[in-house]
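Listed below, chain by chain, are the residues.
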Amino acid sequence: MLKIYFLTAMRSLVRNKSYSILNIAGLALGITCSILLFLVIQYQLSYDSFHLKADRIYRLVVTFPENDFNTPASHFPLAANMRSNNKLGFEEITQIKGDAGARINIPSNGTGTGKKFLVDENIGFIEPSFFDVFDFNTGPVDVRSHFTEPNVVILTKSLATKYFPDQNAIGKVIRYNNQYNLKVISVMPDMPGNTEFPFVMLVSYETIRKTLPTDWGNLSSDHQTFVVLPDNLSATRAEAAVNQFISKHTERESPGHTLHYLMQPLKDIHYNTSFYGAFAQTPISKELILAMAIVGIVLLLTACINFINLATAQAIRRAKEVGVRKVMGSSRTQLVIQFLCETLLIVLCATFLSVILTELALPYLNTLLDLQITFSLVDDKLLLLFLGIQTLLVTLFAGFYPAFVLSSLQPITALRNRMSVQRFGGISLRQVLVVMQFTICQVLIICTLLVNEQMNFFRNKSLGFNKEAVITVFLPLNTGDKIQPLRQELLNNPAIREISFGSDAPSSGNISYGNFYFNHASKDEDFQTHKKFVDPYYFSLFDMKFLAGKAYPNSDSIHYMVINDTMRRKLGIKTPEDAIGKHLSLGDRRFAGTIVGVVADFHQASLASPIEPLVMTKNPEAYSVISAKIDMTQQKEALQHLEKVWEKVYPDDVFNYKYLDETIAEFYQDEARQNTLFKIFSLIAIFIGCLGLYGLVAFMAAQRTKEVGIRKVLGASVFNITVLFSKEFIKLVLIAFLIAVPIAYYLMNLWLQDFSYRISLGYGAFILAGVATLTIALLTMSTQAIKAALSNPVLSLKSE
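Throughout what follows, the structure given in this document is the object of discussion. All values derive from a computational prediction rather than experimental measurement.

Side note on the environment of Leu-382
And step 1. Mapped onto the elements, Leu-382 comes out in helix H10 (residues 381-407).
And step 2. Every residue in contact with Leu-382, bar those within four places of it in the chain, is listed here: Phe-38 and Gln-42.

Dropping the structure here:
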């Protein structure tokens, strides 16, 4: 019996090709979107779940309640002290020091400089216990014993192939930042994309141990500690014990300040934006993951609504078929099963097409979102289950109402093809479905326009300094003695207008916090400040505005300070002029001096973050970036000169540069990706919505064929008849607009709360979305309306 149902369904679909193609296309788009979003969500939820002890691994993070400041850092002596006083019995304790990149030299035959490379991925300095905490494949060699020694390294397969093509890398030596000669002891597979430890090489912690601070006064987000809790120890007990243990040390180093250690589960790291680590992947909030799931459901719902509209529109043409079947003895149940089988066949065809579309779209999605998602129906059992459940639910949801409507037709009415709108399942439900479709479309359009507006705000808002025509080049370590000669040589070319050295650019991902003392106070202030070490030329190169005072002189003997206006206000100083001459000491008072200038506030990081108090002073030992203002009309000459001087001064290091405005644009990569996804999903929703509208117009045109014929006989024009159809849809679109506006306003207002600096929600985007949707709807329905208006009235009236 089931075979007969499917054979009949197949014949019906082949007989109604245009109807089948429209339905399959609409459902395929919705299902493809749901599969892609399912893969993204599955990938995001899988971070570090492959470690055997994942449920018991915790990161020790620090919060300063009085300053509302959080960091994933842990104190440098913490791990060693916890091991020697492990009364709670932590199963494992390990610490990791991350490095954001390095310059690598491959010696040629053991002498001289052979090849040189720049690594801009993360590098991890790890202890032997790292391999007892985490389950990474480190190659064929048992490396634990080697990592008790300094100067050993494991390379990923990609790096090993790059450094030693057609050679065995094991046993070879690489030079790291012109500081350490590291012996390769193993080659490991590339780290999986879904881990918070995206290291391309692992170096023994012993290599750098002697260079790290030993006091309890330093915190750095690239130094983190992880523990494995035994089954009988709760995170709450462990957290209390750790805080009791370290309180005597931290109180001695920073009296009067409160810091608190928290136990952060490993599986929470990827979703918690409060403790974003230096070497971790960019976190994604669980709210955003939920939003992606909702978008997937909404797009699939739109496709199902489209199917219902098209199916019920098609039903008039099948009314006589239903009448004949009922006269021949078919029961209502048999008819429902028949039409559900047709729906299932359409859904299966759409799903098959969706699998092909997913295969084609996934590489572009991976590139867009910077992910490493793989697609395999054979290996991914969860995906197969998802597709199975989705197919069943879509079949029932999309197919039940059309099946119910068709099977409810009375034989006489069906055979005479006389069905009122109400009798045919009720136009009111169809109106509701179309309103839902266009509400979804307009919400997505409004959100897309507002996200795009916020992105334009990011690009165009003044940051408080001039970022144009500035190139940044990262310096090798310990190059303070070469700074002055390098400056002079770089300025010898007129294509280079200005040169400055500093610890980082004005807006940077490299944020350094610290405590400080104001006006020779015995106790440091109750808030921390950002610190930037910059030379005196920094202020003119970036066109910073001085509210009072001036830049400090180029003197080596005396320290001077420049602060921003936020710092001035936080210190309770009434005017910028009053700040001049006040005294500041940073950290351990090594850097102390008089305030000689107050600059207008500028953004030190993304516009998502508020402007923080800032102190700037000189320290050539901390300079790690060259900023070069170039003549953009001589861009090529400037870059050639920079590289030529670099090769002369740093022959062992790779020359690599970035334009500052490009670096700042990277702050908003995630928002830019969201913007692109919004645009894609909006276009898909609009396209599916237009298919549904096409179905509704077809339904109404079929219902009102004789009415149109009579109107034409009585003299109605094509325009009059088109307006007749249009009035109904304009009303539906306007109702959808009124529903969409508050929904979109709420969602975008919620999204914008994450940004300290943001656009205001004006009415422009809402009106534009309404006009765009109405225009698209009118264009879509006009095709069927005009077709109905142009039909021959004789053909529609002859049966009367």
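Digging into helix H13 (residues 483-490)
And step 1. When H13 is considered as a whole, its buried residues turn out to be Ile-483, Leu-486, Arg-487 and Leu-490. Down the axis of H13, the buried side of the element spans an arc of 100°, and every buried residue falls inside it.
And step 2. Buried residues belonging to H13 abut strand S14 (496-502), strand S23 (625-630) and helix H17 (635-649).

Focus: the side chain of Ser-129
And step 1. Note on placement: Ser-129 falls in the loop between strand S6 (122-126) and helix H4 (130-133).
And step 2. Within the structure, the side chain of Ser-129 is placed 2.9 Å from the side chain of Thr-94, a separation counted as a polar contact.
And step 3. Each residue touching Ser-129, except ones within four places of it in the same chain, is listed here: Arg-83, Glu-92, Ile-93 and Thr-94.

Considerations on the pattern of salt bridges
And step 1. Under the defined criterion, the tally for this structure stands at 20 salt bridges.
And step 2. Across the salt bridge formed by Asp-132 and Arg-144, the nearest N and O atoms sit 3.0 Å from each other. Of this pair, Asp-132 sits in helix H4 while Arg-144 sits in the loop between H4 and strand S7 (152-156), and the two are 12 residues apart along the sequence.
And step 3. By relative accessible area, Arg-144 is classed as partly exposed at 35%.
And step 4. Here Arg-568 ties to Asp-565 by a salt bridge, and the two come within 2.8 Å at their closest N and O atoms. With a gap of three residues between them, Arg-568 and Asp-565 both fall in helix H15 (residues 565-570), about one helical turn apart.
And step 5. Overlapping salt bridges bring together Lys-53, Arg-56, Glu-91 and Asp-231 as one network.

Definitions and limits used
Residues numbered from 1 in each chain as written. Predicted model: local features only at pLDDT ≥ 70, side-chain atom pairs only at ≥ 80, totals over all residues. Heavy atoms only, no water. Helix = DSSP H or I, 4+ residues; strand = E, 2+ residues; numbered from the N terminus. Contact = heavy atoms within 4.5 Å. Buried < 20%, exposed > 50% of the residue type's maximum accessible area, 1.4 Å probe, protein only. Arc of directions from axis to C-beta. Polar contact = N/O pair within 3.5 Å; in protein donor to acceptor, adjacent residues only side chain to side chain. Salt bridge = Lys/Arg side-chain N within 4 Å of Asp/Glu carboxyl O.

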